[in-house]
Amino acid sequence: LAKTTQPISMDSYEGQEVNITCSHNNIATNDYITWYQQFPSQGPRFIIQGYKTKVTNEVASLFIPADRKSSTLSLPRVSLSDTAVYYCLVGEGGGADGLTFGKGTHLIIQP
Amino acid sequence: NAGVTQTPKFQVLKTGQSMTLQCAQDMNHEYMSWYRQDPGMGLRLIHYSVGAGITDQGEVPNGYNVSRSTTEDFPLRLLSAAPSQTSVYFCASSTRDRAEKLFFGSGTQLSVL
């Protein structure tokens, strides 16, 4: 399984765009890249998933370069409620192996 | 739609006691898994299952047992609780063909004294 590396924490301010990068140097051909958001006392929640290039939904954008060895989660115009831990998960659809998470990035949004 | 349901939400055990954390999902998901979350450690995989009758170990399986007799249920058993098992436990499920899109329960806060 591809291991992931993310910054432990990040700070930003309301209204700013926040980019969180995840490194996954040994990503496999069949692996998808999935990001989760977790608030205190809650289970993680799916945000966005991609395989290559760019994916956008109502919450975020996901940028994946051609070599797929990293990915960047982009949160537009963050608010205080975006303060959470964000996890990058790399794994193969099919669940042949257990899906392991990294330690996540604690994003703190200030007024 | 209940999704993934975990019970109990909170539990206090004494060292050496046994208990079972329950997890049930109503989405007909083949893939189910258990994670524990400790401060600064992120989510660590304990056990997982790709279908009824099939289970496998994750990163930190010692001290835990699982079974998967039905598609819906995936209980986690602590045979002899230890203080090191104090943690928040999350159950998750997903479809087999998109296993990385996990749906999580709300967690069980376990304290072992």
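As enumerated under the stated definition, the model contains eleven aromatic pairs over all chains in all. Seen in terms of ring centroids, A:Tyr32 and A:Tyr51 are 5.3 Å apart; in terms of plane orientation they differ by 55 degrees. Their pairing is tilted. Linking A:Tyr32 in strand β3 (residues 31-38) with A:Tyr51 in the loop between β4 (45-50) and β5 (53-56), this pair joins segments that are 19 residues apart in sequence. Overall, the relative accessible area of 27% leaves A:Tyr51 in the partly exposed class. Look at A:Tyr36 and A:Phe101: their rings are 5.4 Å apart centre to centre, the planes differ by 65 degrees, and that puts the pair in the edge-to-face class. Of this pair, A:Tyr36 sits in strand β3 while A:Phe101 is found in the loop between β8 (84-92) and β9 (105-110), placing the two residues 65 residues apart along the sequence. Ring pairing ties together the aromatic residues A:Tyr36, A:Phe46, A:Tyr87, A:Phe101, B:Tyr35, B:Phe90 and B:Phe104, which thus form one cluster. Seen from the ring of B:Phe74, B:Arg68 lies directly overhead, with NZ or CZ sitting 6.0 Å from the centre.

This paragraph deals with the environment of B:Asn65. All names here are of chain B. Along the polypeptide, Asn-65 turns up in strand β7 (residues 64-66). Judged by relative accessible area, Asn-65 falls into the partly exposed class, the value being 35%. Between the alpha carbons of Asn-65 and Thr-95 there is a distance of 23 Å; along the sequence they are 30 residues apart.

Taken together, the contact between chain A and chain B spans 26 residues of the former and 22 residues of the latter. Buried area between chain A and chain B, both sides added, is near 1,800 Å², and the carbon and sulfur share of it is 55%. Counting the contacts that link chain A with chain B gives zero salt bridges. Scanning the region where chain A abuts chain B turns up five residue pairs in polar contact (both at pLDDT 80 or more). Elements represented by at least two residues in the side of chain A that touches chain B include exactly β3, β4 and β8 of chain A.

Here we take up the sheet that holds β8(A). Residue and element names in this part refer to chain A. One open sheet holds the five strands; their spatial order is β1-β9-β8-β3-β4, and the pairing between them is mixed. On the outer flanks of this sheet lie β1 (9-13) and β4, each paired with one strand and no other. The mean angle between the axes of side-by-side strands here comes to 25 degrees, regardless of whether they run parallel or antiparallel. As paired strands, β1 and β9 are joined by five bridges and run parallel to one another. Its bridge partner lying in β9, Ser-12 is registered against Ile-109.

Before going further, it helps to examine the pairing of β9(A). On a regular strand, each side chain points to the face opposite its neighbour's, so the side chains alternate between the two faces of the sheet. All names here are of chain A. Every second residue of β9 is oriented toward a common face, the buried set being Thr-105, Leu-107 and Ile-109 and the non-buried set His-106, Ile-108 and Gln-110. Of the pairings in the sheet, the one linking β8 to β9 comprises three bridges and is antiparallel in character. Counted as the bridge partner of Ala-84 is Leu-107 from β9.

Pairing of side chains with opposite charge becomes possible as their charged atoms draw close. Residue and element names in this part refer to chain B. Counting across every chain of the model gives two salt bridges over all chains. As a salt-bridge pair, Arg-36 and Asp-38 come within 2.9 Å of each other at their nearest N and O atoms. In terms of burial, Arg-36 and Asp-38 fall into one category: buried. Of the charged contacts in the structure, one is a salt bridge between Arg-44 and Asp-38, with a shortest N-O distance of 2.8 Å. By relative accessible area, which is 11% here, Asp-38 ends up buried. Through salt bridges with shared partners, a single network forms among Arg-36, Asp-38 and Arg-44.

Rules behind the numbers
For every chain, the first residue of the written sequence is number 1, and numbering continues from 1 along that sequence. A letter from A marks each chain and a number from 1 marks each ligand, given out in the order of writing. Thresholds applied to this predicted model are a pLDDT of at least 70 for local features of residues and 80 or more for the giving and counting of side-chain atom pairs; totals over whole chains, interfaces and linings are not thresholded and use all residues. Processing note: side-chain calculations cover all non-hydrogen atoms of the structure and skip hydrogens and water entirely. Centres within 6.5 Å make a pair out of two Phe, Tyr or Trp rings, where for Trp the six-membered ring is used; the pair is then stacked when the planes are under 30 degrees apart, edge-to-face when over 60, and tilted otherwise. Secondary structure follows DSSP: runs of H or I at least 4 residues long count as helices, runs of E at least 2 residues long count as strands, and numbering of each begins at the N terminus. Three exposure classes are used, based on accessible area relative to the maximum for each residue type with a 1.4 Å probe and protein chains only: buried under 20%, partly exposed in between, and exposed over 50%. Criterion for a charge above a ring: Lys NZ or Arg CZ within 6 Å of the ring centre, and within 35 degrees of the ring normal. Contacts between residues were defined by any pair of non-hydrogen atoms, one from each residue, lying within 4.5 Å. Joining two parts hides part of their accessible area as seen by a 1.4 Å probe, and the buried area is that hidden amount summed over both. Salt bridges are counted wherever a side-chain nitrogen of Lys or Arg sits within 4 Å of a carboxyl oxygen of Asp or Glu. Contacts described as polar in this section are N or O atom pairs within 3.5 Å, which, within protein, must combine one atom able to donate a hydrogen with one able to accept it, while residues neighboring in sequence count only if both atoms come from side chains. At least two DSSP bridges between two strands are required for those strands to pair. The convention used is that axes are lines fitted to C-alpha atoms, helices contributing only their stretch in contact, and that angles between N-to-C directions extend from 0 to 180 degrees.

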